[in-house]
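# Structural description and commentary
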Amino acid sequence: MQITTPNFKENATRALGDAALQKALKNVEIGFIAKRLAAADALPEFEALRDNARDIKNHTLAHLDLYLEEYEKKVIASGGHVHFAETAEDARAIILDICRKRNAKTVTKGKSMITEEIELNDFLEKNGITPVETDLGEYIIQLRGETPSHIIAPAVHLNKDQVEADFRRVHTHLPPERDLSQHEALLNEARQVLRQRYFEADVGITGANFLIAETGSSVIVTNEGNGDLTQTLGKCHVVVASLEKLVPTLNDCAQILRVLARSATGQDMSVYTTFSTGPKRADDPDGPEEYHVVLLDNGRTAMLGTEFQDMLRCIRCGACMNHCPVYHAVGGHAYGAVYPGPMGAVLTPSLSGIEVGGHLPNASTFCGRCESVCPMRIPLPKMMRHWREREFEKHLTPSAARYGLKFWAFFAKRPKLYRAAVSVVMPLLSVLGGTSRRISSLPLAGGWTKHREMPAPEGKTFLQAWAEKQAREGGR
Amino acid sequence: MSARDNILGRVRRSLGVSGGDAQRRAAVVSRLAEAKSGLIPARGQLPREERIEVFAKYAEKYGATIARVGSIEHLPQEVSRYLKSNNLPASIRMGEDPLLKDARFESEPMLTVISGASDGTDVAGVSHARGAVAESGTLVLASGPNNPVTINFLPEHHIVAVRAADVGASLEEAFAGITATYGKGEMPRTVNFVTGPSRSGDIEQKIIMGAHGPRALHIVIIG
Ligand code: SF4
């Protein structure tokens, strides 16, 4: 992982002054939040499903060794191969080996955060293999030489005209006078260009949203269909997944699927939820001849049994960053790590070490919105506080504490961050027990306490809560 | 020690357990064997005729179009009608699925039927979905010798036939159906759960249909 996290303040300052980025970030704030809320409200069982989803992952993590064994058996029985990778380096070597055995020149890729984590593209290129990202957002940022700024919307930091400029720069085989002013035209052009690449690919690499122990299946959840073309048209399908993607059964998967798409994009189901089991069968007319699963640890086993174990329940829906006022203000790149937003603030120090990522948990207003929307009920603010305590134990305390205070001063001096920190999101804090003591020692304590008398119901926007409060008080 | 042993060993050390613990193993074995269903929302527990309504409602919400015909012999006519009304050439790609064969496409002599996997040049493809999920408007398509996966993704227009009797209420029902066909713990190579046509919101969060998969999904309910 290329970590630039120690530069958060510089990154954030730049982000706040970047007009194009600020315009693009508005789309996060407006789009995702309303969609999730509508989807959650439309399903009366949503909260109970969140409880079940949490319990399923807790059970799986507590028996992870055994489920890994069962899963492996099923993959092998269906004709697939399982490779265990302790580190990013090991995973890269395994994937390169599979590609080399197939003499691969081109590799198509479905969207996968794990392959970002192991920096697979650079590595493949250095070894003479061309990786082609096929998810529209990933394709755009690959053209720009950037990393994703959001775990489900990688190009959310960009505006349409920037994408148009990139397409004109790269797709030089197309007539320069073509009209690319509409979103549709941009999408069509990417569709056309990528169509040929699927057929040329020797290997198709995807991530996995779930691995199912009962059947040995890997599951991808997408809207575009690029992941399906990647894994169907490539002669060899390689799944790269971290250990905690495991769930016991198909029915367990159904519970979590019901909260995943709703939390991510507000859909009842994403367009394509695909279960893949082994290579194509003898009489199948299409599908890959080989099926490999690379199971990545890269620091996860060290999180088990610690106060960070809960983070391994994460299903990468993105809701925590969609609802994060700091993310809204500075975007994903400012975090300088593969995983941005609240989930990244917890995961980055866990995977990369406290020395590199340990201060990221300070990039938070501790408003608690992330936890209130997390479908897996991950106590993100609590874990961010745990990281601060770890800094304590590591004798980083004096400077870290000063740093923390400086951080708050930094926030306070920047209007957009300050508004984020003291206004709309503050009321939600009161639903979180135990946060007030720590918070009251911070420079914005006045802002916190002032609003703490007015708890907002979970899942409502501030404006709704406010309107309701007004109505209640008016009626008294 | 292999990477596998190292990882499993680390999991056990971190959890403070041993691999030989009979109680833990029994918990895992019984969970996998029983594969109990969790909470099914009320929306996923509807009686038969209501399911079709709810299925159609959600499929349309996600951009599919729906037609219903009395029996399978009416499918070819409906396919022709769809192609004509969308100004598309009278040609389809189709697998050798038994239900689709029963439709007897010879009854539409103007319609060209090309069989086998899609090569990416087809404008329209026809598939048979083994089931559907009413609670989310989702089709369930399984790969097999007569059911190429490429037809679900490469043609611009995807026409899918599903029998009314196969429209289930919930995801769990769809899984139970797969288990009944293939055996406990067994799956075909690919099972696609499809909810509406392909789309992307990757540019400015504006949803545009037809990203890499079909631009249009037309569902024909049979019976
Ligand atoms: S931490 Fe929760 S909200 Fe954030 S991505 Fe993971 S599951 Fe989603």
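Here the structure is a predicted model, which is why all the values come from computation and not from measurement.

Below, the discussion takes up the overall build of chain B. Assigned secondary structure in chain B consists of seven helices and twelve strands. Counting only C-alpha atoms and orienting by the principal axes, one finds that chain B spans roughly 70 × 40 × 40 Å. Taken over 223 residues, chain B has a buried fraction of 57%. In chain B, the proportion of contacts linking residues at least 24 apart, taken out of those at least 6 apart, comes to 72%. Split by element, the accessible area of chain B, about 8,900 Å² in all, is 53% carbon and sulfur.

With that out of the way, let us pick up the packing of helix H4 (residues 64–77) of chain A against helix H1 (residues 3–15) of chain B. The description of two packed helices rests on the angle between their axes and on the distance between the axes. In the contact formed by H4 of chain A and H1 of chain B, the axes pass within 9 Å of each other and the chain directions differ by 150 degrees. Put simply, H4 of chain A runs roughly antiparallel to H1 of chain B. Where H4 of chain A abuts H1 of chain B, its residues Leu64, Asp65, Leu66, Leu68, Glu69 and Glu72 of chain A lie against Arg4, Leu8, Val11, Arg12 and Leu15 of chain B.

Let us look at helix H5 (residues 88–101) of chain A. Residue and element names in this part refer to chain A. Helix length check: H5 (14 residues) gives 20 Å between terminal C-alpha atoms against 20 Å at 1.5 Å per residue, within 8%. The complete set of buried residues in H5 reads Ala88, Ala91, Arg92, Ile94, Ile95, Leu96, Ile98 and Cys99. Contacts from the buried residues of H5 go to strand S1 (81–85), strand S2 (106–109), helix H7 (120–126), strand S4 (203–206), strand S7 (236–242) and strand S10 (290–296). Among the residues trailing H5, Asn103 stands out with phi positive, at a value near 55 degrees.

Residue and element names in this part refer to chain B. Spatially, S1-S12-S7-S4-S2-S3 is the arrangement adopted by the six strands of the open sheet, whose pairing is parallel. Two strands close off the open sheet at either side, each with one partner strand: strand S1 (65–69) and strand S3 (112–115). Direction aside, the axes of adjacent strands within the sheet are offset by 25 degrees on average. Sheet topology places strand S7 (residues 157–163) next to strand S12 (residues 216–222); seven bridges connect them, and they run parallel. Each residue of the ladder has a partner; that of His158, found in S12, is Leu217. Those strands touched by helix H4 (residues 75–85) are S1, strand S2 (91–94), strand S4 (124–128), S7 and S12, and its axis lies near 155 degrees from that of S12.

Below, the discussion takes up the pairing of strand S6 (residues 217–222) of chain A. Residues and elements named next belong to chain A. Here S6 lies mainly inside the structure; six of its six residues are buried. Alternating residues of S6 divide into Ser217, Val219 and Val221 and Ser218, Ile220 and Thr222, and every residue in both groups is buried. Strand direction decides the pairing type here: strand S5 (residues 210–212) and S6, joined by three bridges, are antiparallel. The residue of S6 that forms the bridge with Ile212 is Ser217. Linking two consecutive strands that pair antiparallel, namely S5 and S6, is a turn of four residues; a positive phi of about 75 degrees is found at Gly216 within it. In terms of strand pairing, S6 meets strand S9 (residues 272–276) through five bridges, oriented antiparallel.

Right, let's talk about the site of the ligand for a bit. Near the ligand, the surroundings consist of 14 residues, among which Cys314, Cys317, Gly318, Cys320 and Cys374 of chain A are the closest. When grouped by side-chain class, the residues that make up the shell around the ligand number twelve nonpolar, one polar and one charged.

In this section: the nonpolar core. In terms of nonpolar packing, the biggest core is built from 126 residues, with Phe210, Phe275, Met311 and Met343 of chain A together with Phe193 of chain B touching the most fellow members. Per-element accounting of this core gives the leading share, eight residues, to helix H12 (residues 250–264) of chain A. With sequence-adjacent residues up to four places away left out, Phe275 of chain A is seen in contact with Ile212, Ser218, Val219, Leu250, Cys253 and Leu257 of chain A together with Phe175, Met187, Arg189, Thr190, Val191 and Phe193 of chain B. In this structure, Ala59, Ala134, Phe153 and Leu217 of chain B belong to the second largest nonpolar core, which totals 47 residues.

Attention shifts here to helix H16 (residues 341–352) of chain A. Helical geometry: 3.6 residues make up each α-helical turn, so side chains three or four residues apart lie on a common side. Residues and elements named next belong to chain A. Its twelve residues place the ends of H16 16 Å apart at the C-alpha level, agreeing with the 16 Å of an ideal helix rising 1.5 Å per residue. Of all twelve residues in H16, eleven are buried; the element is thus mostly enclosed. Considered for burial, the residues of H16 that qualify are Gly341, Pro342, Met343, Gly344, Ala345, Val346, Leu347, Thr348, Pro349, Ser350 and Leu351. Just beyond H16, the residue with positive phi is Gly353, at close to 100 degrees.

Let us look at the domain arrangement of chain B. Domain assignment breaks chain B into domain 1 (3–33) and domain 2 (42–222). Computed over C-alpha atoms, the centres of domain 1 of chain B and domain 2 of chain B are 41 Å apart.

On to the layout of surface pockets, then. Residues and elements named next belong to chain A. If you add up the space inside the largest pocket, you get close to 910 Å³. In terms of lining residues, the largest pocket is bounded by 41 residues, among which Lys111, Ile152, Val221, Thr222 and Asn223 are the most central. For the lining of the largest pocket, a count of residues per class yields 17 nonpolar, 16 polar and eight charged.

Attention now goes to the side chain of Arg300 of chain A. Assignment of secondary structure puts Arg300 of chain A in helix H13 (residues 300–303). Ignoring anything within four residues of it in the chain, the contact list for Arg300 of chain A reads Ile114, Glu117, Ser242, Glu244, Leu312, Arg316, Tyr339 and Leu351 of chain A.

Attention shifts here to the interface of chain B and chain A. Reports of interface size often rely on the accessible area that becomes lost once the parts have come together. Between chain B and chain A, the residue contacts involve 80 residues of the former and 104 residues of the latter. The junction of chain B with chain A conceals about 7,700 Å² of combined surface from both sides, 56% of it contributed by carbon and sulfur atoms. Here chain B and chain A share 16 salt bridges between them. Arg12 of chain B serves as the salt-bridge partner of Glu69 of chain A, at 2.7 Å between the closest nitrogen and oxygen. Along the contact surface separating chain B from chain A lie 56 residue pairs in polar contact (both at pLDDT 80 or more). Among the elements that line the side of chain B that touches chain A, the one with the most residues is H1 of chain B, at ten residues. Note that S9 of chain A and strand S9 (residues 190–194) of chain B share five bridges and pair antiparallel. Bridge pairing in S9 of chain B links Thr274 of chain A to Asn192 of chain B.

When pLDDT is averaged across chain A, the result is 86; 81% of the residues are at 70 or more. Ignoring residues within four places in sequence, the model shows residues 423–463 of chain A, a span with pLDDT below 50, making 76 contacts including any to other chains.

Moving on, we come to the confidence of the model for chain B. For chain B, the mean per-residue pLDDT works out to 96, and 100% of the residues sit at or above 70. With pTM at 0.89, the complex prediction returns an ipTM value of 0.98.

Time to look at the pattern of salt bridges. What the rule picks out here adds up to 50 salt bridges over all chains. Between Lys109 of chain A and Glu133 of chain A there is a salt bridge, and its shortest N-O distance comes to 2.8 Å. Of the two residues, Lys109 of chain A sits in strand S2 while Glu133 of chain A sits in strand S3 (residues 130–133), which places them 24 residues apart along the sequence. Among the residues examined, Lys109 of chain A registers a relative accessible area of 1% and is labelled buried. Of the charged contacts in the structure, one is a salt bridge between Arg31 of chain B and Asp252 of chain A, with a shortest N-O distance of 2.8 Å.

Below, the discussion takes up the packing of helix H10 (residues 183–200) of chain A against helix H11 (residues 226–233) of chain A. All names here are of chain A. Interaxial distance between H10 and H11 falls to 8 Å at its minimum, and their mutual angle equals 30 degrees. Classified by the angle their axes make, H10 and H11 are roughly parallel. Together, Arg195, Tyr198 and Phe199 of H10 and Asn226, Leu229, Thr230 and Leu233 of H11 make up the contact between the two elements. Its residues assigned to classes, the contact of H10 with H11 shows four nonpolar, two polar and one charged.

Moving on, we get to the environment of Ile40 of chain B. Examined against the element boundaries, Ile40 of chain B turns out to sit in the loop between helix H2 (22–34) and helix H3 (48–61). Note: C-alpha distance between Ile40 of chain B and Glu135 of chain B (95 residues apart in sequence) is 9.6 Å. Dropping the residues within four chain positions of it, Ile40 of chain B is found in contact with Arg258 of chain A together with Gln45, Ser170 and Glu172 of chain B.

Cut-off values and rules
Residue numbers run consecutively from 1 along every chain, following the written order of its sequence. Just so you know, chain letters begin at A and ligand numbers begin at 1, following the order they were written in. Only residues with pLDDT of at least 70 are given local features in this predicted model, and only at 80 or more are side-chain atom pairs given and counted; all residues enter the totals for whole chains, interfaces and linings. Heavy atoms throughout the structure, all of them, feed into the side-chain values; hydrogens and water do not. Secondary structure follows DSSP: runs of H or I at least 4 residues long count as helices, runs of E at least 2 residues long count as strands, and numbering of each begins at the N terminus. The cut-offs for exposure are 20% and 50% of the maximum accessible area for each residue type, with area from a 1.4 Å probe on protein chains only; residues under the lower value are buried, those over the upper are exposed, and the others partly exposed. Residue contacts are counted whenever heavy atoms from the two residues lie within 4.5 Å of one another. Only the protein chains shown count as cover for residues, with accessible areas throughout obtained via the Shrake-Rupley method and a probe of 1.4 Å. The convention used is that axes are lines fitted to C-alpha atoms, helices contributing only their stretch in contact, and that angles between N-to-C directions extend from 0 to 180 degrees. Comment on the angle field: the value is read as roughly parallel under 35 degrees, roughly antiparallel over 145, roughly perpendicular from 65 to 115, and oblique elsewhere. Every helix has an expected span of 1.5 Å times one less than the residues it contains. The criterion for strand pairing is that DSSP finds at least two bridges linking the strands in question. In these notes, residues near a molecule or strand are those with any non-hydrogen atom within 4 Å of it. Polar here means any residue outside two lists: the nonpolar Ala, Val, Leu, Ile, Met, Phe, Trp, Tyr, Cys and Pro, and the charged Asp, Glu, Lys and Arg; Gly therefore counts as polar. Among buried residues, those of type Ala, Val, Leu, Ile, Met, Phe, Trp, Tyr and Cys that are joined through side-chain atoms within 4.5 Å constitute a nonpolar core. An automatic or database domain assignment provides the domain bounds reported here. Cavity means a closed set of points on a 1 Å grid over the protein atoms alone, one where a 1.4 Å probe fits but cannot get out, pocket means an open set with protein on both sides within 12 Å along at least 5 of 7 lines, and lining means a residue has an atom within 4 Å of a point. Grid points are joined across faces, edges and corners, and a volume is the space filled by probe spheres set on the points. The quantity reported as buried area is the accessible area (1.4 Å probe) lost by two parts once they are put together, taken as the sum for both. The working definition used for a salt bridge is a side-chain nitrogen of Lys or Arg within 4 Å of a carboxyl oxygen of Asp or Glu. A 3.5 Å cut-off defines polar contacts: any pair of N or O atoms within that distance qualifies, except that in protein one atom must be a possible hydrogen donor and the other a possible acceptor, and neighbouring residues in sequence count only when both atoms are side-chain atoms. A score from 0 to 100, pLDDT tells how confident the predictor is in each residue.

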